[in-house]
Amino acid sequence: MSQANQKIAILGAGNIGTAIASGLALSDHFNAGNITLTRRKTELLEPFAEKGFNTHSDNGRAVNNADIILIAVEPRQIDALLKEIKNDLDENRHILISVVSGVDIQRIRNQVQKDVPIVRAMPNTAIAIRESMTCIASEEEQNKAVSATKKIFDTVGQTLLIHEELMTSATALGACGIAFFLRAIRAASQGGIEIGFHAHEALQIAAQTAKGAASLLSDMENHPEFEIDRVTTPRGCTISGLNQMEHQGFSSAMIKGILVSAEKAAKLYSIEKGEGSS
Ligand SMILES: NC(=O)C1=CN([C@@H]2O[C@H](COP(=O)(O)OP(=O)(O)OC[C@H]3O[C@@H](n4cnc5c(N)ncnc54)[C@H](OP(=O)(O)O)[C@@H]3O)[C@@H](O)[C@H]2O)C=CC1
Ligand SMILES: O=C(O)[C@@H]1CCC=N1
């Protein structure tokens with residue numbers, strides 16, 4: 001089936017669910033009319049209904065009208081959702097894609113008790129502007145479903161196929177990573193204000209500089225240190241700034257944050273189930 005005719009149901013259209021929907025609709029491969037978004041507070045989906053997406057709260061109906069079922073609820077909410085839709089899942093028609101952190105394929109399969117292909121994907125919110133980094137994993141025998149999933153996420157950024165055991169690491173580095181780099185940009189702009197720029201100017205300079213740095217890596221395929229060496233004039237101000245940041249633990253803070261984030265990602269389901277669900 002061509003992507004243009006594929007019907008996608010996004011169950012749990014919150015932050016990442018709606019970001020995925022926006023990105024897909026922006027691509028030339030999908031249109032809003034073939035994408036259904038569900039959540040219980042449907043009034044919050046009104047802006048998406050106005051853009052032509054199908055929006056409601058009936059997960060079973062959404063599954064019955066779709067080929068691709070994308071689950072984007074919180075870890076503590078997934079059991080109830082799977083229980084609700086499992087009788088509607090058709091192993092000959094559907095591919096089930098979960099972007100839920102900390103819930104492995106085996107746990108999902110135990111819930112649905114069907115041979116429907118299950119794929120895990122870990123995008124980030126830049127998917128809304130088709131700039132996601134999406135890691136994808138599944139069981140070995142699911143090559144066809146993995147290809148179909150990759151094809152979808154390839155339209156909204158870059159993809160990388162990984163082993164499922166690396167999914168929590170992908171969550172920390174790629175999905176949470178958006179927040180980490182945003183905080184770094186925010187910190188840079190605060191420094192910029194202190195040395196004389198208005199807030200909006202400082203943010204513009206910091207954001208475009210960060211974009212340029214990222215593009216140097218992705219376009220030139222160089223190592224960061226190679227590009228850093230080109231900025232650091234001997235006895236200059238860049239190396240002074242960099243060394244001071246390292247004395248203050250810059251790299252260490254980022255590394256430690258990513259480790260803690262990955263540890264938490266691995267425990268999300270059990271922690272959240274332990275805290276009760278709503
Ligand atoms: N935010 C991000 O950047 C990323 C998040 N993720 C993962 O995606 C998942 C969602 O995260 P996020 O979008 O931040 O969380 P949100 O809380 O924003 O989204 C979850 C949505 O699910 C809806 N929901 C809950 N239960 C049901 C149900 N039974 N049927 C339909 N909809 C339901 C909620 O709306 P309502 O209460 O109205 O039903 C809510 O809008 C998490 O598992 C997270 O780990 C993965 C990658 C990136
Ligand atoms: O913060 C979280 O738990 C989710 C997972 C990745 C991004 N947001």
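Residues numbered from 1 in each chain as written. Chains lettered and ligands numbered in written order. Predicted model: local features only at pLDDT ≥ 70, side-chain atom pairs only at ≥ 80, totals over all residues.

1. Things to note about the pairing of strand β1 (residues 8–11)
Note the cut-off: Counting other C-beta atoms within 10 Å of a residue's C-beta gives its exposure: the residue is buried at 20 or more, exposed at 12 or fewer, and partly exposed in between, where C-beta atoms are placed from the backbone. Where helices and strands are cited, they refer to DSSP runs of H or I of at least four residues and of E of at least two residues respectively, numbered from the N terminus. When DSSP finds at least two bridges between two strands, those strands are taken to pair. Handedness rule for crossovers: strands pointing away from the viewer, path from the first strand over the helix to the second running clockwise, crossover right-handed.
Side chains of β1 alternate between two faces, with Ile8 and Ile10 and Ala9 and Leu11 buried alike. Here β1 pairs with strand β2 (residues 35–38) via four bridges, running parallel. Pairing of Ala9 across the sheet is with Thr36, part of β2. Handedness of the β-α-β unit built from β1, helix α1 (residues 15–26) and β2 comes out right-handed. By the bridge criterion, four bridges tie β1 to strand β4 (residues 68–71) in an arrangement that is parallel. Counterpart to Ala9 in the pairing with β4 is Ile69.

2. Examining the UniProt feature "binding site: NADPH" (unreviewed entry) in the protein
Which entries qualify depends on this criterion: UniProt positions are given in the numbering used here, feature names are shortened, and annotations may be inferred rather than shown by experiment. Two residues qualify as a contact pair if the distance between their C-beta atoms, derived from the backbone, is within 7 Å.
Mapped onto this numbering, the UniProt entry annotates "binding site: NADPH" (unreviewed entry) at Asn59. Mapped onto the secondary structure, Asn59 falls in helix α3 (residues 59–64). Setting aside residues no more than four positions away along its own chain, Asn59 makes contact with Leu11, Thr38, Leu81, Glu84 and Ile85.

3. A short note on the sheet that holds β4
To keep things clear, this is the line we draw: Here an axis means a line fitted to C-alpha atoms, over the contact stretch when the element is a helix, while the angle between two N-to-C directions is reported on a 0 to 180 degree scale.
The strand order across the open sheet formed by eight strands is β3-β2-β1-β4-β5-β6-β7-β8, and the pairing between neighbours is mixed. Looking along the sheet, the strands with just one partner apiece sit at the ends: β3 (54–56) and β8 (157–161). Averaged over all adjacent pairs, the angle separating strand axes in this sheet is 20 degrees, with direction ignored. Packing of helix α6 (residues 143–154) onto the sheet brings it into contact with β4, β5 (95–98), β6 (118–122), β7 (132–138) and β8, and relative to β7 it is tilted by some 175 degrees. Where helix α7 (residues 167–175) meets the sheet, it contacts β6 and β7, and its direction lies at approximately 30 degrees from that of β6.

4. Some words on the nonpolar core
When a protein is soluble and globular, its nonpolar side chains tend to lie buried together. Condition: To form a nonpolar core, buried Ala, Val, Leu, Ile, Met, Phe, Trp, Tyr and Cys residues must be joined through C-beta atoms within 7 Å.
Of all hydrophobic cores here, the largest spans 57 residues; its most connected members are Ile10, Ala21, Ile69, Leu70, Ile71 and Ala72. Considering each element in turn, this core owes the most residues, six residues, to α1. When neighbours within four sequence positions are excluded, Ala21 is seen to be in contact with Ile10, Ala13, Ile35, Leu37, Phe48 and Phe53.

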